[in-house]
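An overview of the molecular structure
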Amino acid sequence: MPSKSANPSARQTQLLEAAYEYALAHGLADLSLRPLAEAIGSSTRVLMFLFGNKDGLVRALLERARTEEVALLEHLRQADRPAGLVPAIEQVWTWLSAGEHRSLLRLWAEAYARSLVEPDGPWAGFAKSTVDDWLDVLAVCQTQRERESEAGAHQRTLALAVLRGALLDLLATDDEHRVTAAVRQQLVLLRHQHRGNA
């Protein structure tokens, strides 16, 4: 069983980064330790020692993928004042729709779906945690009055649903122009609704 040290060794970090790049290219569905180990210049024995088993490695890979998502969320959280849902959605969609993030987001979509159909696997709780993370950061972007109201909860839930649905559409079709236009149309409606409630 690997050590759960908060300070992984340089070799463990190096292998995790290499495994992460492999997962971005190949996904997690058919991940097998032997081909992975060969591709990253290691062995199944070393991977088992460092990560415990395949499930432990998958959990480490999901946590590694989450660090990039968390960096975006933290950027939104650190604003001096609430950004508002519309600017937050604009920033998030710009990041989600960037071509360089497609492989990461395909990995996210795979893990999200697997956590729904295999709730006891290494991705257990991944989908719910993702929803909680995003709803929390969208709440931070609202004013305190909005954040604490039922209407504010509905608005951020709708915002998340639009972002997630648009992302899945984009990953499936690669039609960035059409999907981005749909997101912008939703932002127009949200702005209008916000002005009407002000």
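To keep things clear, this report deals only with the structure shown in the data block.

For the rest of this paragraph, the subject is empty space enclosed by the protein. In the structure shown here, the tally under the stated rule is two cavities of 30 Å³ or more. Estimated volume of the largest cavity: approximately 210 Å³. In terms of lining residues, the largest cavity is bounded by 17 residues, among which Glu69, Leu96, Leu105, Trp108 and Trp134 are the most central. Every element with two or more residues in the lining of the largest cavity is listed here: α4 (54-77), α5 (85-97), α6 (102-117), α7 (126-140) and α9 (150-173). The residue inventory of the lining of the largest cavity, partitioned by class, reads 13 nonpolar, one polar and three charged. In this structure, the second largest cavity encloses a volume near 50 Å³. Ile89, Gln155, Leu158, Ala159, Val162, Val183, Gln186, Leu187 and Leu190 together form the lining of the second largest cavity.

Its identity as a non-glycine residue notwithstanding, aspartate 174 has a phi of 65°, on the positive side. Take aspartate 174: it is sitting in the loop between α9 and α10 (176-197). Taking the relative accessible area as the measure of exposure, aspartate 174 reaches 48% and is therefore partly exposed.

Reading the values: the criteria
Residues numbered from 1 in each chain as written. Predicted model: local features only at pLDDT ≥ 70, side-chain atom pairs only at ≥ 80, totals over all residues. Heavy atoms only, no water. 1 Å grid on protein atoms, 1.4 Å probe; cavity = no way out; pocket = protein on both sides within 12 Å on 5 of 7 lines; lining within 4 Å. Points joined across faces, edges and corners; volume = space filled by probe spheres on them. Helix = DSSP H or I, 4+ residues; strand = E, 2+ residues; numbered from the N terminus. Nonpolar A, V, L, I, M, F, W, Y, C, P; charged D, E, K, R; others polar. Buried < 20%, exposed > 50% of the residue type's maximum accessible area, 1.4 Å probe, protein only.

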